[in-house]
Amino acid sequence: MSILKQRWSELADVKRELSQRDWFPGTSGNLAIKVNAKPLSFLVTSSGKDKRLETDEDFLLVDGEGAPLEETNQKPSAETLLHVEIYNRTNAGCSLHVHTIDNNVISELYGDDGGITFKGQEIIKAFGLWEEDAEWHIPIIENAAHIPTLANDFGQYANKDSGAVLIRNHGITAWGKDVFEAKKVLEACEFLFSYHLKLLSLKQVKSLSLRA
């Protein structure tokens, strides 16, 4: 199997799995996987596709500037430049961007703070942090409509081979050395978001009951 077909298969598998979780509402979200490092080329999801479906046009091969390397009627995801930033700045091999209610709510609650820090959670070990009091911080950037501006803001935080960034009221982009690691980072972040919001809700209910 060629490296291109192998990477296509890997990206299709993770797209299928994330689709089953309903993490691509309204054709949102985009995925990418590196095919070659030098010169840079990677597969990225086509724009406007229903990601619950599987077709021969799901992904496009693009270059280090996000331009298609093959003749096609499809357009790369509008946020391809975010993946360009990751692959040009790190050794990451896969990057995943999804819109969920939890990550959007978290980004709005803590957007003015520029990020949110989690600690005391066992799942933080998914980020390679094994200390007893380890903390995980995820930055939150504003959702610039001008994609090059958004990519530039995003790129400031693409400084490790594994990580994640929240875009305010937009979604999360997580990346890692391969599909497994990128998905692990994404899943751990979404777990933390969901846990945090449920805990806040329960604390609010408890506070109101104590006042009654």
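Residues numbered from 1 in each chain as written. Predicted model: local features only at pLDDT ≥ 70, side-chain atom pairs only at ≥ 80, totals over all residues. Heavy atoms only, no water.

Regarding a nonpolar patch on the surface
Point 1. Together, I101, V105, L109 and L200 line one region of the surface with nonpolar side chains, adding up to about 360 Å² of accessible area.
Point 2. For the nonpolar patch, the element with the highest residue contribution is helix 3 (residues 101-110), accounting for three residues. (Patch = residues over 30% accessible without salt bridge, like charges linked within 9 Å, V, L, I, M, F, W, Y side chains within 5 Å. Areas by Shrake-Rupley, 256 points an atom, 1.4 Å probe, with all protein chains shown as cover. Salt bridge = Lys/Arg side-chain N within 4 Å of Asp/Glu carboxyl O. Helix = DSSP H or I, 4+ residues; strand = E, 2+ residues; numbered from the N terminus.)

Some points on the sheet that holds strand 3 (residues 59-63)
Point 1. Pairing is mixed across the open sheet formed by eight strands, whose spatial order is 3-2-1-4-8-7-6-5. The sheet is open, and its two borders are formed by strand 3 and strand 5 (115-119), each paired with just one other strand. On average, adjacent strands in this sheet sit at an angle of 20 degrees to one another, irrespective of strand direction.
Point 2. Bridging between strand 5 and strand 6 (residues 135-141) involves five bridges; their strand directions are antiparallel. Across the sheet, G115 pairs through a bridge with P139, a residue of strand 6.
Point 3. Those strands touched by helix 5 (residues 179-211) are strand 1 (30-36), strand 4 (94-98), strand 5, strand 6, strand 7 (163-167) and strand 8 (171-176), and its axis lies near 145 degrees from that of strand 8. (Pairing = 2+ DSSP bridges. Axes fitted to C-alpha atoms, helices over the stretch in contact; angles between N-to-C directions. Contact = heavy atoms within 4.5 Å.)

A word on the environment of Q204
Point 1. Residue placement: Q204 occurs in helix 5.
Point 2. Separated by 155 residues in the primary sequence, Q204 and K49 have C-alpha atoms spaced 39 Å apart.

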